[in-house]
Amino acid sequence: MYRLSKLRFGFPVFLFLALFLDGAVSQVFSVQMFRYPTTMISHLVVLWLVCGVIFEADGAFDMPLARWAAVAGAVFDLYYTGIFGVYVFIFPLVIYVTRQLVAWISPNFLSGLLIYFIDIAVVEGLGYLASRAVYLNDAAGSAFLVNTLGPTLAFNLAMFVILYFPIRWVYNWLK
């Protein structure tokens, strides 16, 4: 059923649109998002991937989300971080974690918010640990929690609340 739908081509297009919108949001709102000592990081790619898993559970589609997540992770690594391999691993892991959570929690708006909260915490936590491992980051764990993870969670949860229903409409249109 997936290969006959518009979702086959629409999903990657919107995934890469979200990938570049992450950078555009960060550039346009850089004064507000990167004010010392706090940092808010936009994760619209993760939002699109998580919504893909949530809306995939509603229908009869079996999308190759892990493959698209790995490709998006490779582009994200090369375009934003400059270090290949971190998000190539993290984005498919987010797909796996989300699928495990969706198997236990029936997907709706509030449970999707909880799942997205967990996924953003995983993405940011693993990104922090990876940057600590290669000595790109020397911030203490408590400083990371207060100055990066908290504001990033707040920003991305607000983006989830704003974009959930438009993204659901796009998925239904692409089906």
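See the structure printed just above.
Attention here is on the structure that accompanies the text. (Residues numbered from 1 in each chain as written. Predicted model: local features only at pLDDT ≥ 70, side-chain atom pairs only at ≥ 80, totals over all residues. Heavy atoms only, no water.)

**A short note on the overall build of the protein chain**
Item 1. The helix and strand tally for the protein chain stands at 7 helices and 0 strands.
Item 2. Put simply, the protein chain runs from its N terminus to its C terminus through helices and strands in the order α-α-α-α-α-α-α.
Item 3. Against the globule reference of 16 Å for 175 residues, the protein chain gives a C-alpha radius of gyration of 16 Å, in line with a compact fold.
Item 4. Projected onto its principal axes, the C-alpha positions of the protein chain cover 50 × 30 × 30 Å. (Helix = DSSP H or I, 4+ residues; strand = E, 2+ residues; numbered from the N terminus. Rg over C-alpha atoms; globule rule 2.2 N^0.38 Å.)

**Looking at the side chain of T152**
Item 1. Mapped onto the fold, T152 is located in helix α7 (residues 141-174).
Item 2. On the basis of relative accessible area, T152 is assigned to the buried category, the value being 0%.
Item 3. Side-chain polar atoms of T152 contact the backbone oxygen of T148, separated by 2.7 Å.
Item 4. With residues up to four places along the chain from it excluded, the contact list for T152 reads T39, M40, I41, H43, I120 and E124. (Buried < 20%, exposed > 50% of the residue type's maximum accessible area, 1.4 Å probe, protein only. Polar contact = N/O pair within 3.5 Å; in protein donor to acceptor, adjacent residues only side chain to side chain. Contact = heavy atoms within 4.5 Å.)

**Here's the deal with the layout of surface pockets**
Item 1. As a volume, the largest pocket reaches approximately 690 Å³.
Item 2. Along the wall of the largest pocket there are 27 residues; nearest its centre are I41, Y87, E124, G127 and S131.
Item 3. Sorting the residues of the lining of the largest pocket by element identifies α1 (7-28), α4 (65-81), α5 (86-104), α6 (109-133) and α7 as the ones contributing at least two each.
Item 4. Top contributing element to the lining of the largest pocket by residue count: α6, with 5 residues.
Item 5. Across the lining of the largest pocket, the residue classes tally to 15 nonpolar, 10 polar and 2 charged.
Item 6. The volume enclosed by the second largest pocket comes to roughly 210 Å³.
Item 7. F14, L17, A18, L21, L44, L47, W48, L163, P166, I167 and V170 are the residues that line the second largest pocket.
Item 8. Contributions of two or more residues to the lining of the second largest pocket are made by α1, α3 (44-58) and α7. (1 Å grid on protein atoms, 1.4 Å probe; cavity = no way out; pocket = protein on both sides within 12 Å on 5 of 7 lines; lining within 4 Å. Points joined across faces, edges and corners; volume = space filled by probe spheres on them. Nonpolar A, V, L, I, M, F, W, Y, C, P; charged D, E, K, R; others polar.)

**Details of the packing of aromatic side chains**
Item 1. Summed over all chains, the structure comprises 21 aromatic pairs.
Item 2. When the centroid spacing of 6.2 Å and the interplanar angle of 0 degrees are considered together, the rings of W169 and W173 count as stacked. Separated by 4 residues within a single helix, W169 and W173 lie in helix α7, roughly one turn from each other.
Item 3. Relative accessible area serves as the criterion here: at 57%, W169 is assigned to the exposed category.
Item 4. The class of W173 is partly exposed, set by a relative accessible area of 46%. (Phe/Tyr/Trp six-rings, centres within 6.5 Å; stacked < 30°, edge-to-face > 60°.)

**Some thoughts on the side chain of S111**
Item 1. Take S111: it is sitting in helix α6.
Item 2. Among the polar contacts listed, one links the side chain of S111 to the backbone oxygen of S106, at a separation of 2.9 Å.
Item 3. Residue contacts for S111: discarding those within four places in its chain leaves I105 and S106.

**Observations regarding unusual backbone geometry**
Item 1. Looking along the chain, the bond that leaves Y36 and enters P37 is cis, with omega of 5 degrees.
Item 2. Among the secondary structure elements, P37 is positioned in the loop between α2 (30-33) and α3.

**Quick look at the pattern of salt bridges**
Two side chains of opposite charge can pair, provided their charged atoms sit close to one another.
Item 1. Across all of its chains, the model carries 1 salt bridge by this definition.
Item 2. A salt bridge links R99 to E56, with the shortest nitrogen-to-oxygen separation between them at 3.2 Å. With a gap of 43 residues between them, R99 in helix α5 and E56 in helix α3 connect regions that are remote in the sequence.
Item 3. R99 sits in the partly exposed class, given a relative accessible area of 30%. (Salt bridge = Lys/Arg side-chain N within 4 Å of Asp/Glu carboxyl O.)

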